[in-house]
Amino acid sequence: MELGVLYSGGKDSTLAALLLEEFYDVTLVTAHFGISDDWTHARETAAALEFEFERLELDPDVARDAAGTIREDGFPRNGIQQVHLHALERLAEREYDAIADGTRRDDRVPTVSRAQAQSLEDRHDVDYIAPLSGFGRTAVDRLVEAELEVVVGPSEEIDRADYEAELRAIIADEAGPGAIAECFPDHTQTYVTGVLE
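Residues numbered from 1 in each chain as written. Predicted model: local features only at pLDDT ≥ 70, side-chain atom pairs only at ≥ 80, totals over all residues. Heavy atoms only, no water.

Chemist: For this particular structure, what's the right way to read the nonpolar core?
Modeler: Within soluble globular proteins, side chains that are nonpolar generally end up buried alongside one another. In this structure, Val83, Ile99, Tyr163 and Leu167 are the most contacted members of the largest nonpolar core, which totals 32 residues. Only β2 (25-32), α3 (60-73), α4 (77-92), α5 (114-124), α7 (163-175) and α8 (178-183) provide two or more residues apiece to this core. The contacts of Tyr163, once residues within four sequence positions are left out, are Leu6, Ala31, Ile80, Val83, His84 and Ala87. Ranked by size, the runner-up nonpolar core spans 18 residues in total, among them Leu3, Leu28, Trp39 and Ala98. (Core = buried A, V, L, I, M, F, W, Y, C linked by side-chain atoms within 4.5 Å. Buried < 20%, exposed > 50% of the residue type's maximum accessible area, 1.4 Å probe, protein only. Helix = DSSP H or I, 4+ residues; strand = E, 2+ residues; numbered from the N terminus. Contact = heavy atoms within 4.5 Å.)

Chemist: Teacher, can you tell me more about empty space enclosed by the protein here?
Modeler: Space left empty within the atom packing is revealed by a probe, the size of a water molecule, rolled over the atoms. Summed over the entire model, instances satisfying the criterion amount to one cavity of 30 Å³ or more. Reported here for the largest cavity is a volume of approximately 40 Å³. Taken together, Thr30, Ala31, His32, Ser36, Asp38, Trp39, Ala161, Asp162 and Glu166 make up the lining of the largest cavity. For the lining of the largest cavity, the element with the most residues is β2, which contributes three residues. Along the lines of polarity and charge, the residues of the lining of the largest cavity split into three nonpolar, three polar and three charged. (1 Å grid on protein atoms, 1.4 Å probe; cavity = no way out; pocket = protein on both sides within 12 Å on 5 of 7 lines; lining within 4 Å. Points joined across faces, edges and corners; volume = space filled by probe spheres on them. Nonpolar A, V, L, I, M, F, W, Y, C, P; charged D, E, K, R; others polar.)

Chemist: Whenever I open this one, the environment of His187 confuses me. Can you help?
Modeler: Within the secondary structure layout, His187 lies in the loop between α8 and β7 (188-195). For His187, a relative accessible area of 28% corresponds to the partly exposed category. Distance in space between the C-alpha atoms of His187 and Gly153 is 8.2 Å, their sequence separation being 34 residues. Ignoring any residue separated from it by four or fewer positions in sequence, one finds His187 in contact with Gly153, Pro154, Ser155, Glu164 and Arg168. Separated by 3.4 Å, the side chains of His187 and Gln189 make a polar contact. (Polar contact = N/O pair within 3.5 Å; in protein donor to acceptor, adjacent residues only side chain to side chain.)

Chemist: Looking at this structure, I do not really get the sheet that holds strand β5 (residues 127-129). What am I missing?
Modeler: Adjacent strands of a sheet pair through backbone hydrogen bonds, lying either parallel or antiparallel. The five strands are arranged β3-β2-β1-β4-β5 in an open sheet whose pairing can be described as parallel. Whereas interior strands pair on both sides, the edge strands pair on one side only; in this sheet they are β3 (52-57) and β5. Across the sheet, the mean angle separating the axes of adjacent strands is 30° when strand polarity is ignored. Here three bridges tie strand β1 (residues 2-6) to strand β4 (residues 98-100), and the two strands are oriented parallel to one another. Residue pairing for β4: Val5 is matched across the bridge by Ala100. On the sheet, helix α2 (residues 39-49) packs against β2 and β3 and is oriented at approximately 165° with respect to β3. (Pairing = 2+ DSSP bridges. Axes fitted to C-alpha atoms, helices over the stretch in contact; angles between N-to-C directions.)

Chemist: It is not clear to me how the packing of aromatic side chains should be interpreted in this structure. Could you clarify?
Modeler: A ring pair, where both rings are aromatic, is described by two values, the distance of the centres and the angle of the planes. Applying the stated rule across the entire model yields one aromatic pair. Ring centres of Trp39 and Phe53 lie 6.4 Å apart, and the angle between their planes is 15°; this geometry places the pair in the stacked category. Here Phe53 lies in strand β3 and Trp39 lies in helix α2, a separation of 14 residues in the sequence. Neither Trp39 nor Phe53 differs from the other in exposure class; each is buried. Positioned above the aromatic ring of Trp39, the side-chain terminus of Arg55 is 4.2 Å from the ring centre. Stacked on the ring of Phe184, the Lys or Arg Arg168 has its end atom at 4.7 Å from the ring centre. (Phe/Tyr/Trp six-rings, centres within 6.5 Å; stacked < 30°, edge-to-face > 60°. Lys NZ or Arg CZ within 6 Å of the ring centre and 35° of its normal.)

Okay, here's the thing in structure tokens:
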């Protein structure tokens, strides 16, 4: 069965893909708005892990709306959630038997409720799988440490292909670079470079 994993090149979506590859023909799918070429970082990781890779172009209006939400709220949670649900909708429209993401049990954002998952499945005749939904952050970190080569650092310095990078670019373009610090708390990101031997 064909499965598309919504893929950022980070540890969670990489681990999700590795857990599912025994059961599905996995393609890593990076969603982007065409604002930057950050999606190429995920393509490099997919190649290093020997997974098929595709890009998924999202509606730029959704990115602008999400950036506006982030600026209004003063924090990224609702804007990133909005983008993630849009990306899952677009992924579900593709010709996959199943779709997946790297959401964990204790994630604050993005999340997918049971009702949202069932609606997605019913409307698109696709299975939605969240293989890390039973894993807490500590369990994920232990598995990643044992299995993956990962670069970790401040969000603004790590090569990655998640929504945040493009949303930051929109906010900086609209309100100046200082607006990013007003909306995004300091946090670290991960970028997977390979599998440990």
